[in-house]
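Fold and geometry: a report
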Amino acid sequence: MSDTNSRTVIITGGSKGIGRSVAYRFAEENAKIVLIHFDPSDDACNETLDQLKAKGIEADGYRADISSFEAASQLFRELLEKHDNIDVLVNNAGITRDTLLLRMSEEMWDDVLRVNLKSVFNCTKSVIRAMSQQRGGAIVNISSVVGQIGNFGQSNYAASKAGIMGFTKSIAREVAGRGINVNAVAPGFIDTEMTEVIPEKAKENFLRQIPFGKMGKPEDVAEAVYWLCSDAASYITGQVIHVNGGLYM
Ligand code: NAP
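None of these values were measured; they are calculated from a predicted model.

Interhelical geometry of helix α1 (residues 17-27) versus helix α2 (residues 43-54) gives an angle of 15° and a closest axis separation of 10 Å. Classed by the angle they form, the pair α1 and α2 counts as roughly parallel. In the packing of α1 onto α2, the handedness of the crossing is right-handed. Taking contact as the criterion, the partners of Arg20, Ala23, Tyr24 and Ala27 in α1 are, on α2, Ala44, Glu47, Thr48, Gln51 and Leu52. Of the residues contributing to the contact of α1 with α2, the split by class is five nonpolar, two polar and two charged.

Here it is in structure tokens:
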């Protein structure tokens, strides 16, 4: 792993929100950027790609449902053919389907577990052999503070995000000998489309619990992700870095 200008960085859910900020942060080192998103409208992805290309960055966007093992494997096969090395994988795609357990359908549980957790398995499995052969790389999985402390109405989401923490630590042990570091970043309450839909009352309640008294910005998360993929963090693996304004410490 090195801070040269040639790293290839794959960001799932890179079309908007936190993933987009991660892409912009890697653009600052002139990395080659691959964004993956799922919405049939490519608008957000195209907007992000336009911004990157305006900065002279080599960037591609792909639409795939990475919660499907088949779809993820197929896409990563293409990416591995196109790029000599995959240096960084940021498993960031995620969704919420919030409700109390009493009202939660099996579909709401399965959707969240598939998109948030199974996709991390699908994408990591798809790159790990190549990264092992190249004897280096960095993987950052986006978890959540909710995976650590739980949250009312988010049992599916909390389970998926806690699962990411366990997965991260296990894979970190498996591939450390290959020079690959695997970490998680657990954001708190970050200003993106995902949190736009939270009712005002619930937002106020969250804010009261945050020592900094404000929401985080996607850039706050992107900075931690970037750092974990830099040489400065090359002796760090299997960790969960919390970016939450003190909401959980
Ligand atoms: P966001 O703005 O809603 O973006 C989610 C991204 O995931 C989009 O690019 C979306 O693409 C992509 N995605 C969703 N389902 C997908 C699928 N099946 N296949 C491929 N891509 C898919 O969310 P965000 O707030 O930036 O969240 C990013 C990550 O941070 C998530 O894992 C989230 O759980 C986590 N997080 C967020 C917060 C927060 O407060 N915002 C806090 C803690 C953790 P399309 O729109 O094209 O479907």
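In the predicted model, the protein chain carries a mean pLDDT of 96, and the fraction of residues at 70 or more is 98%. Mean pLDDT across the elements of the protein chain ranges from a minimum in helix α8 (residues 200-209), with 92, to a maximum in strand β5 (residues 137-142), with 99.

Following the criterion strictly, the structure yields nine salt bridges and no others. A salt bridge links Glu29 to Arg7, with the shortest nitrogen-to-oxygen separation between them at 2.8 Å. You can see Glu29 sitting in the loop between α1 and β2 (32-37) and its partner Arg7 sitting in the segment before β1 (8-12), a full 22 residues away along the chain. According to the relative accessible area criterion, Arg7 is buried, its value standing at 2%.

Our next topic: the layout of surface pockets. One number sums up the size of the second largest pocket: a volume of about 370 Å³. Around the second largest pocket sit 16 residues that line it, and Thr124, Lys125, Ser126, Ile128 and Arg129 are the ones nearest its centre. Mapped onto the lining of the second largest pocket, the elements with two or more residues apiece are α3 (69-82), α4 (106-134) and α6 (155-175). Per-element tally for the lining of the second largest pocket: the top contributor is α4, with seven residues. Residues that form the lining of the second largest pocket fall into these classes: nine nonpolar, three polar and four charged.

So, how was this worked out
Starting afresh in each chain, residues are numbered from 1 along the sequence in its written order. Whole-chain, interface and lining totals are the exception, using all residues; otherwise, since this is a predicted model, local features are given only for residues with pLDDT of at least 70 and side-chain atom pairs are given and counted only at 80 or more. Note: side-chain values were computed over all heavy atoms of the structure, leaving out hydrogens and water. Comment: axis = line fitted to C-alpha atoms, over the contacting stretch for helices; angle = value between 0 and 180 degrees taken between N-to-C directions. A helix here means a DSSP run of H or I that spans at least four residues, while a strand means a run of E at least two residues long, and both kinds are numbered starting from the N terminus. Orientation is classified from the angle alone, with under 35 degrees giving roughly parallel, over 145 giving roughly antiparallel, 65 to 115 giving roughly perpendicular, and any other angle giving oblique. Note: crossing handedness is left-handed where the near helix turns anticlockwise from the far helix by less than a right angle, and right-handed where it turns clockwise. Any two residues whose heavy atoms approach within 4.5 Å at even a single point are treated as in contact. In the scheme used here, Gly and all other residues not listed as nonpolar or charged are polar, with Ala, Val, Leu, Ile, Met, Phe, Trp, Tyr, Cys and Pro taken as nonpolar and Asp, Glu, Lys and Arg as charged. Per-residue confidence from the predictor is reported as pLDDT, which spans 0 to 100. The rule for a salt bridge is simple: a side-chain nitrogen of Lys or Arg has to be within 4 Å of a carboxyl oxygen of Asp or Glu. Burial classification: accessible surface area is computed with a 1.4 Å probe over protein chains only, and a residue below 20% of its type maximum counts as buried, one above 50% as exposed, and the rest as partly exposed. Here a cavity denotes grid points, spaced 1 Å and computed from the protein atoms alone, that fit a 1.4 Å probe unable to get out, and a pocket denotes an open set having protein on both sides within 12 Å along at least 5 of 7 lines; residues with an atom within 4 Å of a point are the lining. Grid points are joined across faces, edges and corners, and a volume is the space filled by probe spheres set on the points.

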